[in-house]
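Analysis of the macromolecular model
Residue strings, one per chain:
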Amino acid sequence: MLGLICLAITGIVLLGFVVLTPKAATEDRTFLKDTGLEKDTAAGHILVTGGAGYIGSHAVLRLLEENYRVTVIDNLSRGNAEAIEAIRSAMDEMPNLPYRPFTYAEADLSEREAVLGVLRAANPPIDTVIHFAAVAFVGESVARPLQYYHNITMNTVTLLEAMEQAGITRLIYSSTCATYGNQKVPITEKTPQVPTNPYGRAKLFSEYAIKDQSLALNMAGEKFAAILLRYFNVIGADPKGRVGEQPREELRSQGRISTACFDAASGVIPHLTIFGSDFPTPDGTCVRDYIHVSDLVDAHVKALKALKDGEVKVYNVGVGKGYSVKEFINACKTVTGADITVEKKDRRPGDYAEIFADSTKVKKELSWVPAFTDLSESLATAWAFRKKGGFGSTTT
Ligand SMILES: NC(=O)c1ccc[n+]([C@@H]2O[C@H](COP(=O)([O-])OP(=O)(O)OC[C@H]3O[C@@H](n4cnc5c(N)ncnc54)[C@H](O)[C@@H]3O)[C@@H](O)[C@H]2O)c1
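A word on the overall build of the protein chain. Check the secondary structure of the protein chain and you find 13 helices and 13 strands. The buried share of the protein chain, taken over its 396 residues, is 44%. When contacts within the protein chain are restricted to residue pairs at least 6 apart in sequence, long-range pairs at least 24 apart make up 82% of them.

Our next topic: helix 11 (residues 325-336). The terminal C-alpha atoms of helix 11 lie 16 Å apart, and with 12 residues this matches the ideal 16 Å at 1.5 Å per residue to within 8%. Buried residues of helix 11: Val 325, Phe 328, Ile 329, Ala 331, Cys 332 and Val 335, and no others. Burial along helix 11 is one-sided: seen end-on, the buried residues are contained in an arc of 160 degrees. On its buried side, helix 11 packs onto helix 9 (257-265), strand 8 (272-275), strand 12 (323-324), strand 13 (342-345) and helix 13 (375-387).

Turning next to the site of the ligand. Around the ligand sit 28 residues, and of these Gly 50, Gly 53, Tyr 54, Gly 79 and Ala 134 come closest. Put simply, the parts of the chain that give the shell around the ligand at least two residues each are helix 3 (54-65), strand 2 (69-74), helix 7 (145-166), strand 5 (170-176) and strand 7 (233-235). Counting residues per element, the shell around the ligand draws most heavily on helix 3, which supplies three residues. Of the residues belonging to the shell around the ligand, the class tally is 13 nonpolar, 12 polar and three charged.

Okay, the pairing of strand 5 next. Counting buried residues in strand 5 gives seven out of seven residues, a clear majority hidden from the surface. Residues Arg 170, Ile 172, Ser 174 and Thr 176 line one face of strand 5 and the alternating positions Leu 171, Tyr 173 and Ser 175 line the opposite face, and both faces are buried. Here three bridges tie strand 4 (residues 128-131) to strand 5, and the two strands are oriented parallel to one another. In the sheet register, Val 129 faces strand 5, and the bridge partner there is Leu 171. When strand 5 meets strand 6 (residues 225-231), the two strands line up parallel, connected through seven bridges. Within the sheet, the bridge partner assigned to Ile 172 lies in strand 6 and is Ile 227. Each parallel crossover has a hand, and for strand 5 linked through helix 8 (residues 198-219) to strand 6 it is right-handed.

Attention now goes to the nonpolar core. One finds Val 48, Val 60, Val 70, Ala 226, Leu 229, Leu 296 and Val 317 to be the most contacted residues of the largest nonpolar core, which totals 105 residues. In terms of residue count, the dominant contributor to this core is helix 3 (seven residues). Once residues within four sequence positions are removed from consideration, Leu 296 is found in contact with Ile 55, Tyr 231, Val 234, Ile 291 and Val 317.

Before going further, it helps to spend a moment on the confidence of the model for the protein chain. This prediction gives the protein chain a mean pLDDT of 89; 88% of its residues lie at or above 70. Overall, residues 10-37 carries pLDDT values under 50, and its contacts beyond four positions in sequence, including any with other chains, amount to 19 contacts.

What follows concerns the environment of Gly 56. If you trace the backbone, Gly 56 turns up in helix 3. With near-sequence residues (within four places) excluded, Gly 56 lies in contact with Val 48, Gly 50, Gly 51 and Phe 132.

Thresholds applied
Residues numbered from 1 in each chain as written. Predicted model: local features only at pLDDT ≥ 70, side-chain atom pairs only at ≥ 80, totals over all residues. Helix = DSSP H or I, 4+ residues; strand = E, 2+ residues; numbered from the N terminus. Buried ≥ 20, exposed ≤ 12 C-beta atoms within 10 Å, placed from the backbone. Contact = placed C-beta atoms within 7 Å. Expected span 1.5 Å × (residues − 1). Arc of directions from axis to C-beta. Near = placed C-beta within 6 Å. Nonpolar A, V, L, I, M, F, W, Y, C, P; charged D, E, K, R; others polar. Pairing = 2+ DSSP bridges. Right-handed = clockwise from strand over helix to strand, strands pointing away. Core = buried A, V, L, I, M, F, W, Y, C linked by C-beta atoms within 7 Å. pLDDT = per-residue confidence, 0-100.

In structure tokens:
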């Protein structure tokens, strides 16, 4: 009888456990403390904010390949849960991994306690933060400036506070050429920063916050190290097709030119809309510097090795060549083989005519060499990701 009662109680407890801790909850919704580690052989433990996003997910894969342990914080407001799954699957194809050095924490960067919880729970401790997470559309920033100051500037401050509390003193920050605004090209790191839209201003204020925090911590003898990477226009996808850019449906209208070009090429939208054809450029359309996402990520890996106690360094990361929107569309037509119809509209507020990088400094000091210098070649990687169905969606 006693045995039967014990069996019944065990059954009820087990049932409760299964109901209360469904697989999805323990796998994806909470911070997973990795307990399987006996001896850590990783090169370091990096917190990647925004690791479910376009650039962040490419960075996570490369860091894992470089033998770093990675913890991602993302609230999935803009990224893809499928990117996290793709990272997990890719780890199966990395034979040299002695363990599963990847943790995903779904958290919002505005919640300091949640962020601090992730930092404090990390085992072994996180030594460096790469801060990608942000809202990042110029047009949207003009329409919703406060969202941008909250998400970009205030969240960077919150992250810096959490880092200070957790004793983490190494940071790589995703800044942007939008902090320069409309300036004489090519843009060097010494070009004055006069942003023309809230996105650029919010990023510039974040840069100030990082520099000021660094000064304060250095004065307190804590030796803060940061590298601010000012990206130009990022395109392309993982050449192995594991991850790529796949904006959420509701964000497509905000989207960047490559997404729109591919949408037009595959008939998802009837034509490509270009904003402004009367800019003071050779063909009247905007000129931008397009950098392949793998090359951009490579600059981060090199920056990780170059972080130096007590220093804040700044690098422009662009190829150093400008292409007009017209040239971009022609490259897109070549890559997709589609005839893309173009609709011309007025300039958007906050847009400027021409920007491309002088990337001498990053090439010299970080020994960074972009592998993708041909626009069509870069676009071909993104088109291949799109043609295979992206993260398995129907948006081919
Ligand atoms: N894509 C470009 O061309 C480009 C150019 C210059 C700079 N940047 C910068 O690079 C970074 C990454 O851009 P991306 O193109 O990968 O953008 P993305 O939208 O694909 O990725 C951003 C990620 O951050 C996450 N995120 C946003 N707010 C968050 C919050 N409050 N808490 C937690 N997670 C949050 C999103 O869910 C998303 O996964 C951004 O800082 C952006 O400003 C991008």
